[in-house]
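Chain residues, written in single-letter form:
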Amino acid sequence: MATPHLIANTTDGHLGSVALTSAGATHLVTLAQASAWNNKVFLATAKEGRYAACMATGLEAYPTVQGGASVKADTDALVNAIGSRLDTLSWRSGYRPVVSAFTRGSMRGPYSHRPGVSADSKRAEYIYSVAAYKFNLKHIHLSKLTSFKAYLRVYVPSLAVQKDASAQGLYGCTLMNSAIYGNASRLCCRLEKELPTFARDLAEGYDSWEFQGCANNGQTVNGDTNYARHSVAYNPYHGDDCVSMPVWTANQRTNSASAAAPTMYYHDFQITDTDNLDFLKTNPADLWAVVHFTRGNGFTDGQTNRGIAPNISVVAWMYRADIVLSCTGAKF
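Computed from a prediction, not measured in an experiment: that's the story for all the values here.

How each quantity is defined
Residues numbered from 1 in each chain as written. Predicted model: local features only at pLDDT ≥ 70, side-chain atom pairs only at ≥ 80, totals over all residues. Heavy atoms only, no water. Pairing = 2+ DSSP bridges. Helix = DSSP H or I, 4+ residues; strand = E, 2+ residues; numbered from the N terminus. Axes fitted to C-alpha atoms, helices over the stretch in contact; angles between N-to-C directions. Core = buried A, V, L, I, M, F, W, Y, C linked by side-chain atoms within 4.5 Å. Buried < 20%, exposed > 50% of the residue type's maximum accessible area, 1.4 Å probe, protein only. Contact = heavy atoms within 4.5 Å. Expected span 1.5 Å × (residues − 1). Bend = angle between axes of the 7 residues up to and from the residue. Salt bridge = Lys/Arg side-chain N within 4 Å of Asp/Glu carboxyl O.

Focus on the sheet that holds strand S17 (residues 320-329)
In space, the four strands of this open sheet follow the order S4-S17-S9-S14, with antiparallel pairing throughout. Each edge of the open sheet carries a strand with a single partner, namely strand S4 (37-44) and strand S14 (266-271). For this sheet, the mean angle separating the axes of adjacent strands, direction not counted, is 25 degrees. Examined bridge by bridge, strand S9 (residues 147-155) and S14 share six bridges and lie antiparallel to one another. Pairing of tyrosine 151 across the sheet is with glutamine 270, part of S14.

Regarding the nonpolar core
Within the largest apolar cluster, 64 residues are counted, with the highest numbers of intra-cluster contacts made by Tyr133, Phe135, Leu187, Leu191, Phe211, Leu280 and Met318. Looking at this core, the element that brings in the most residues is strand S8 (residues 123-136), giving eight residues. What leucine 191 contacts, discounting residues up to four positions off in sequence, is Tyr206, Ile271, Asn276, Phe279, Leu280, Leu287, Trp288, Ala289 and Ile323.

Looking at helix H1 (residues 69-86)
With 18 residues, H1 should reach 26 Å at 1.5 Å per residue; the first-to-last C-alpha distance of 26 Å fits that figure. Its axis deflected by about 30 degrees at threonine 75, H1 carries its strongest bend there. Among all positions in H1, only Val71, Thr75, Leu78, Val79, Ile82, Gly83 and Leu86 are buried. Contacts from the buried residues of H1 go to strand S5 (48-59), strand S7 (98-104) and S8.

Focus: the pattern of salt bridges
Taken as a whole and judged by the stated rule, the model has nine salt bridges. With a closest N to O distance of 3.8 Å, lysine 134 and glutamate 48 form a salt bridge. Taken together, the residues lysine 134 in strand S8 and glutamate 48 in strand S5 connect sequence positions 86 residues apart. Overall, glutamate 48 belongs to the partly exposed group, its relative accessible area being 26%. Taken together, the shared-partner salt bridges in this structure form one network comprising Lys47, Glu48, Arg50, Lys134 and Asp286.

Things to note about the pairing of strand S16 (residues 313-318)
Counting buried residues in S16 gives six out of six residues, a clear majority hidden from the surface. Burial along S16 is two-sided: the face carrying Ser313, Val315 and Trp317 and the face carrying Val314, Ala316 and Met318 are both buried. Bridging between strand S10 (residues 158-162) and S16 involves five bridges; their strand directions are antiparallel. Paired with serine 158 across the bridge in S16 is tryptophan 317.

Rendered as structure tokens:
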């Protein structure tokens, strides 16, 4: 007798029948949950990854001004350029960090500017990337449960500022104690059956979370005199070589925010958007989680003296993501 194997319904993607490998005959499959679940936790890790990254750079008309309407109008051109460029990109296979980074001034760091772009005190730069992770939830019957909670587990979430960016760019950053202007440190996520094209607007996701207070190895920073120095480089153009897995270590300063040993820190952001939750209730097998920061003007919010000063860089950054499910339901 041929060995039966499970097949999926090709119309809706749900587990539908058992097929015999020789004759192709099928039989109805009945799934049963043998025991009750009480906040039973499942961790789904990505089985595939896609990414796209781009950057926009230009010479500012107001390079010595910090904040204000003129600087915002000037640097809005970079935000618009990122949007236009994304529309022309295709997904690439692999895993890369998700980044939203802004620099001003003569950025001489190892990862600032593409080859052939000269350093200039008027230079401004916006670096941006998007990632998509493919998961297989094995048709877990979320629609049958009494309740469930879903989370995006983000590894090594970082929010940092470099106050000597003219020397190091996005290298050797310090912890940051405030959000980036323009909502550019808000992480967005939406769950999709198929990998979307970039022609669709990625400005916002179904779920959106602020990185402030959720990043930097769990440390908080109270001001300029209380911080810890990162020992890593944030390289948005490469993969696993861009960061030593411990995201930061305290430097030798006595006023460091923490001297604790670094860890592979992660933060769980709860998925609460109705569209994302309703999609999970369809009990999908494969799904894509599209993850990116909000495209926004991180240079200034348009208010006077509210913005990145010259020779400063700021970055919101994450390494990878998983999906976590906490499930409660009776057996059936």
